[in-house]
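Below are the chains, spelled out letter by letter.
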Amino acid sequence: MRAAVLGTGSCLPEKVLTNTDLEKLVETSDEWITTRTGIRTRRIAGPGEENYKLASTAARRALEMAKVTPEELDLVVVATLTPHMMMPSSACFVQAEIGAVNAFAYDLNAACSGFLYGLDLVDSYIARRPDMKILLIGSETLSARVNWEDRNTCILFGDGAGACVITGREQGGVVASRLLSDGRLWKLLYMDSPESRNSAIRQPDRKGCYIQMSGRDVFKYAVRAMEDAVTGLLLETGTSIDQVDLMIPHQANIRILGKLMERLGVPDEKLYINVDKYGNTSAASIPIALDEANRQGILSRGQRILLCSFGGGFTWGALLMDW
Ligand SMILES: CC(C)(COP(=O)(O)OP(=O)(O)OC[C@H]1O[C@@H](n2cnc3c(N)ncnc32)[C@H](O)[C@@H]1OP(=O)(O)O)[C@@H](O)C(=O)NCCC(=O)NCCS
């Protein structure tokens, strides 16, 4: 038995921040942002749209589609790098908010790869207990951790949440995954916490607590790493890229995706993209895209989908799944 998706849901904050809005904050232009990143708008969480609230709304929508009640859930996992609090976990807040009284709950942090790592984890639980009903969520409020004076980063990120209700299925579900990380490269993309004692990056103005990034290096590694993960996974499973019906990568940057698709030989029509609307929502990007593709009828039972991601750590990976 492998982990299969019963229902999907997502939740995006109301406020839309356009590239033109950003022109008023930093020295940039709609044209620069669009050509370098493909991003046109992103959503920004306001009052009442805390990480766990976005996550809970996405969860309720996924539960409704799956026809599963909160009481039936055995486990709630939230992949996030912007939790509501350090303790308790956002997953515990979600549990309380939706009434998943019979579940255990915890957070997972693998930066932008969090949802992919989560799917792999959930698949292991299902191997042991196929009847488990698991709620896996990716939820982020990155806007609180963006330096709105830094044009290198503030144009890229957005807030949102996506959720999947998962259980065991005899046929279909997760086929195989390939996860990797390299902690030696952490300084190329990081976000310190206010209570850190890390004197190497600690700054009196707490700037280290905002997202810090070496954009060009991240770009280079991201393309190469995701290509390696996907190629390795396809080889390992004896799958040709032509057998993949839809590719849903982490939505970071249109140029990263363009280069990746070119190297892998994936045609445009097999690629799902929504980075133009939401920017990079880190761990939430893949489940938001899954939910959109699902509700638009792009996904159908039996299709082979390929997910891949890259994020801080560095963490990266690829996962094959039969919908
Ligand atoms: C961030 C990114 C868009 C920058 O694009 P780039 O083509 O690499 O641009 P560079 O960093 O080389 O900067 C080129 C110039 O544009 C400027 N620039 C940077 N941000 C700008 C902005 N928002 N508007 C206008 N100019 C900007 C730089 O200051 C630099 O100017 P200089 O040459 O006078 O120093 C790109 O590197 C990228 O997408 N990296 C990956 C980021 C990512 O996806 N991170 C998350 C991974 S999960």
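Residue indices begin from 1 for each chain and proceed along its sequence in written order. pLDDT decides what is reported in this predicted model: residues at 70 or higher carry local features, side-chain atom pairs at 80 or more are listed and counted, and totals for whole chains, interfaces and linings draw on all residues regardless. Hydrogen atoms and water are omitted, and side-chain values are computed over all heavy atoms in the structure.

1. With respect to the site of the ligand
Right, so step 1: Taken together, the neighbourhood of the ligand is formed by 21 residues, with Thr28, Arg36, Arg151, Arg216 and Asn253 sitting nearest.
Right, so step 2: Here arginine 151 contributes a side-chain N or O atom positioned 3.0 Å from an oxygen atom of the ligand.
Right, so step 3: In the analysis that follows, any N or O atom pair within 3.5 Å is treated as a polar contact, provided that within protein one partner can donate a hydrogen and the other can accept it, and provided that, for residues neighboring in sequence, both atoms belong to side chains. A distance of 2.5 Å separates an oxygen atom of the ligand from a polar side-chain atom of asparagine 253.
Right, so step 4: At the level of elements, α2 (30-37), α6 (215-237) and α7 (254-264) are the ones that each hand at least two residues to the shell around the ligand.
Right, so step 5: Among the elements that make up the shell around the ligand, the one with the highest residue count is α6 (four residues).
Right, so step 6: Residue polarity follows a fixed list, in which Ala, Val, Leu, Ile, Met, Phe, Trp, Tyr, Cys and Pro are nonpolar, Asp, Glu, Lys and Arg are charged, and the others, Gly among them, are polar. For the shell around the ligand, the per-class residue count stands at nine nonpolar, seven polar and five charged. Being near a molecule or strand, for a residue, means having at least one of its heavy atoms within 4 Å of it. Starting at the N terminus, helices and strands are each numbered in turn, a helix being any DSSP run of H or I of at least four residues and a strand any DSSP run of E of at least two.

2. Focus: the UniProt feature "domain: Beta-ketoacyl-[acyl-carrier-protein] synthase III C-terminal" (unreviewed entry) in the protein chain
Right, so step 1: In the numbering used here, UniProt assigns the feature "domain: Beta-ketoacyl-[acyl-carrier-protein] synthase III C-terminal" (unreviewed entry) to residues 236-323.
Right, so step 2: Helix makes up 32% of residues 236-323 and strand 23%, whereas the separation of the span's terminal C-alpha atoms amounts to 20 Å. UniProt positions are given in the numbering used here, feature names are shortened, and annotations may be inferred rather than shown by experiment.

3. What to know about the packing of aromatic side chains
Right, so step 1: Geometry of aromatic contacts follows a simple scheme: Phe, Tyr and Trp rings, the Trp one being its six-membered ring, pair when their centres are within 6.5 Å, and the pair is stacked under 30 degrees between planes, edge-to-face over 60, tilted otherwise. Taken as a whole and assessed by the stated rule, the structure comprises seven aromatic pairs.
Right, so step 2: Through successive ring pairs, a cluster of aromatic residues spans Tyr221, Phe310, Phe314 and Trp316.
Right, so step 3: Any Lys NZ or Arg CZ found within 6 Å of a ring centre and within 35 degrees of that ring's normal is scored as a charge over the ring. Lying across the ring of tyrosine 221, arginine 224 places its NZ or CZ 5.7 Å from the centre.

4. Focus: the sheet that holds strand β6 (residues 134-140)
Right, so step 1: Spatial strand order, β1-β7-β6-β4-β5: five strands in an open sheet with mixed pairing. Strands at the two margins of the open sheet, each flanked by one partner only, are β1 (2-11) and β5 (104-108). Here the strands of the sheet are splayed against their neighbours by 20 degrees on average, with no regard to which way each runs.
Right, so step 2: Across the sheet, helix α3 (residues 51-66) lies against β1, β6 and β7 (160-169), angled at about 125 degrees from β1, the strand it touches most.
Right, so step 3: Residues count as neighbours in contact if any of their non-hydrogen atoms are within 4.5 Å of one another. Here an angle of 0 to 180 degrees is reported between the N-to-C directions of two axes, which are lines fitted to C-alpha atoms, with helices fitted over the stretch in contact. Along the sheet, helix α4 (residues 90-98) contacts β4 (75-79), β5 and β6; its crossing angle with β5, the most-contacted strand, is approximately 140 degrees. Strands were regarded as paired on the criterion that DSSP finds at least two bridges between them.

5. Here we look at the pattern of salt bridges
Right, so step 1: Criterion for a salt bridge: a side-chain nitrogen of Lys or Arg within 4 Å of a carboxyl oxygen of Asp or Glu. Applying the stated criterion across every chain, the model contains 13 salt bridges.
Right, so step 2: Ionic pairing is found between glutamate 97 and arginine 60, a salt bridge with its closest N-O pair at 3.9 Å. A residue pair is termed long-range when its members are at least 10 positions apart, and glutamate 97 in helix α4 and arginine 60 in helix α3 qualify at 37 residues.
Right, so step 3: Overall, the relative accessible area of 33% leaves glutamate 97 in the partly exposed class.
Right, so step 4: Ionic pairing is found between arginine 178 and glutamate 236, a salt bridge with its closest N-O pair at 3.2 Å. You can see arginine 178 sitting in strand β8 (residues 173-181) and its partner glutamate 236 sitting in helix α6, a full 58 residues away along the chain.
Right, so step 5: Note on classification: 1.4 Å probe, protein chains only; a residue is buried when its accessible area is under 20% of the maximum for its type, exposed when over 50%, partly exposed between these limits. According to the relative accessible area criterion, arginine 178 is partly exposed, its value standing at 30%.
Right, so step 6: Three or more residues are tied together by salt bridges with common partners; here these are Asp74, Arg129 and Asp131.

6. Here's the deal with the pairing of β5
Right, so step 1: Note: β4 against β5, five bridges, orientation parallel. From the neighbouring strand, valine 76 faces β5, where its bridge partner is alanine 105.
Right, so step 2: Call a crossover right-handed when, viewed with both strands pointing away from you, the route from the first strand across the helix to the second goes clockwise. One crossover worth recording links β4 to the parallel β5 by way of α4, and it is right-handed.

7. Focus on the sheet that holds β8
Right, so step 1: Across the sheet, which stays open at both edges, the four strands sit in the order β8-β13-β12-β11 with mixed pairing between neighbours. Lying at the two open borders of the sheet, with one neighbouring strand each, are β8 and β11 (246-249). Strand after strand, the sheet turns through a mean of 10 degrees between neighbouring axes, direction not considered.
Right, so step 2: Pairing between β11 and strand β12 (residues 304-311): four bridges, direction parallel. Bridge assignment links isoleucine 248 to a residue of β12, and that residue is leucine 307.
Right, so step 3: Here helix α5 (residues 114-128) sits on the sheet in contact with β8, β12 and β13 (315-322), set at roughly 55 degrees to β13.

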